[in-house]
Amino acid sequence: MATSIYGDYIKSVIRTVRDWPEPGVNFRDITPVLQNSAAFRKLIDSFVHRYQELDIDAIAAIDARGFIIGAPLAYELGCSFVPVRKKGKLPFRTISETYSLEYGESTVELHSDAFQKGDRILLVDDLIATGGTMLAAARLIERSGGIIVETAAIIDLPELGGGDMIRAEGYSVFSACTFTEDE
């Protein structure tokens, strides 16, 4: 698993909120990174430096916190930005992918004309936990003709197994930093 050269710094700025939203959960709050201009720049630079010499046609970002890094990254790389949204949020014809959650299902959607066959796509989100959302979005992109260059996130939670699951499906994974449950 690759991580950013700024990973330790970014991790130090992320706030851990213990027992939220329920007892036993450590919520990783990225808002302090967004409020700190130096930290936010280093976060975006982490991705820009990794991908600036690759041939990326579009950044596909997962609703909604993935948009926070996806839009400035697309701007810096000079490529398009494509939102992967929750079901019912896109106004045009869509394709969808349903995936399992711990208690039920969820669906992500993409405009049917978002990509051309062979487009090289970087898929981004804020967090990799169990990997279900990232894999559903990757399947959607491939069904639309796109090729996943890599999956990327601000935070990976390796103990939840999402990164391993994504790699097992054949995708490369990059994160700015990782957190273990006890950190």
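In this text, all values refer to a predicted model and were calculated from it rather than measured experimentally.

> Describe in detail the overall build of the protein, supporting the description with residues and values.
A count of helical and extended segments in the protein gives six helices and 10 strands. Over its C-alpha trace the protein gives a radius of gyration of 16 Å, about what one expects of a compact globule, namely 16 Å for 183 residues. With respect to the three principal axes, the spread of C-alpha positions in the protein is 40 × 40 × 30 Å. When each of the 183 residues of the protein is scored for burial, the buried share is 44%. Contacts spanning at least 24 positions in sequence make up 60% of the contacts within the protein whose residues lie at least 6 apart. Split by element, the accessible area of the protein, about 9300 Å² in all, is 48% carbon and sulfur. Distance between charge centroids for the protein: 4 Å, based on 18 positive and 27 negative side chains.

> Break down the layout of surface pockets for me, with residues and values.
By volume, the largest pocket amounts to about 1400 Å³. What lines the largest pocket is a set of 38 residues, among which R65, L127, A129, T130 and L160 lie closest to the centre. Mapped by element, the contributors of at least two residues to the lining of the largest pocket are strand 3 (26-29), strand 6 (94-101), strand 7 (104-111), strand 8 (120-128) and helix 5 (132-143). Here the element with the most residues in the lining of the largest pocket is strand 8; it accounts for four residues.

> Break down the side chain of D63 for me, with residues and values.
If you trace the backbone, D63 turns up in the loop between strand 4 (58-62) and helix 4 (66-77). A distance of 2.8 Å separates the side chain of D63 from the side chain of R85, its partner in a polar contact. Not counting residues within four places of it along the chain, the set of residues in contact with D63 comprises V84, R85, K86 and K89.

> Requested: an account of the pairing of strand 10 (residues 173-178), with residues and values cited.
The two faces of a sheet get side chains in turn, since along a regular strand they alternate between them. Where burial is concerned, most of strand 10 is hidden: five out of the six residues are buried. Sheet topology note: the strand 1 (residues 2-3)/strand 10 ladder contains two bridges and is parallel. By the bridge assignment for strand 10, A2 is matched with F174. Where strand 9 (residues 147-156) meets strand 10, five bridges bridge the pair, whose relative direction is parallel. Looking at strand 10, one finds that A153 is bridged to S175. Following the backbone out of strand 9, through helix 6 (residues 162-168) and into the adjacent parallel strand 10, one traces a crossover that is right-handed.

> Provide a residue-level description of the sheet that holds strand 9, including the pertinent values.
Taken in spatial order, the eight strands make up an open sheet running 1-10-9-8-4-5-7-6, and their pairing is mixed. This sheet does not close on itself; its edge strands, each paired only once, are strand 1 and strand 6. Along the sheet, helix 3 (residues 37-51) makes contact with strand 1, strand 8, strand 9 and strand 10, crossing strand 9 at roughly 155°. On top of the sheet, helix 5 reaches strand 4, strand 5 (80-86), strand 6, strand 7, strand 8 and strand 9; it is set at about 155° to strand 6, its chief contact.

> Give me the lowdown on the pattern of salt bridges, citing residues and values where you can.
Proximity of charged atoms lets side chains of opposite charge pair with each other. All chains considered together, the criterion is met by eight salt bridges. Between R50 and E150 there is a salt bridge whose closest N-O contact spans 2.8 Å. Taken together, the residues R50 in helix 3 and E150 in strand 9 connect sequence positions 100 residues apart. Ionic pairing is found between R65 and D126, a salt bridge with its closest N-O pair at 2.6 Å. Of this pair, R65 sits in the loop between strand 4 and helix 4 while D126 is found in strand 8, placing the two residues 61 residues apart along the sequence. Shared partners join several salt bridges into a network, and the residues in it are E97, R139 and R143.

What counts, and at which threshold
Residues numbered from 1 in each chain as written. Predicted model: local features only at pLDDT ≥ 70, side-chain atom pairs only at ≥ 80, totals over all residues. Heavy atoms only, no water. Helix = DSSP H or I, 4+ residues; strand = E, 2+ residues; numbered from the N terminus. Rg over C-alpha atoms; globule rule 2.2 N^0.38 Å. Buried < 20%, exposed > 50% of the residue type's maximum accessible area, 1.4 Å probe, protein only. Contact = heavy atoms within 4.5 Å. Areas by Shrake-Rupley, 256 points an atom, 1.4 Å probe, with all protein chains shown as cover. Lys, Arg positive; Asp, Glu negative; His and termini not counted. Charge placed at Lys NZ, Arg CZ, Asp CG, Glu CD. 1 Å grid on protein atoms, 1.4 Å probe; cavity = no way out; pocket = protein on both sides within 12 Å on 5 of 7 lines; lining within 4 Å. Points joined across faces, edges and corners; volume = space filled by probe spheres on them. Polar contact = N/O pair within 3.5 Å; in protein donor to acceptor, adjacent residues only side chain to side chain. Pairing = 2+ DSSP bridges. Right-handed = clockwise from strand over helix to strand, strands pointing away. Axes fitted to C-alpha atoms, helices over the stretch in contact; angles between N-to-C directions. Salt bridge = Lys/Arg side-chain N within 4 Å of Asp/Glu carboxyl O.

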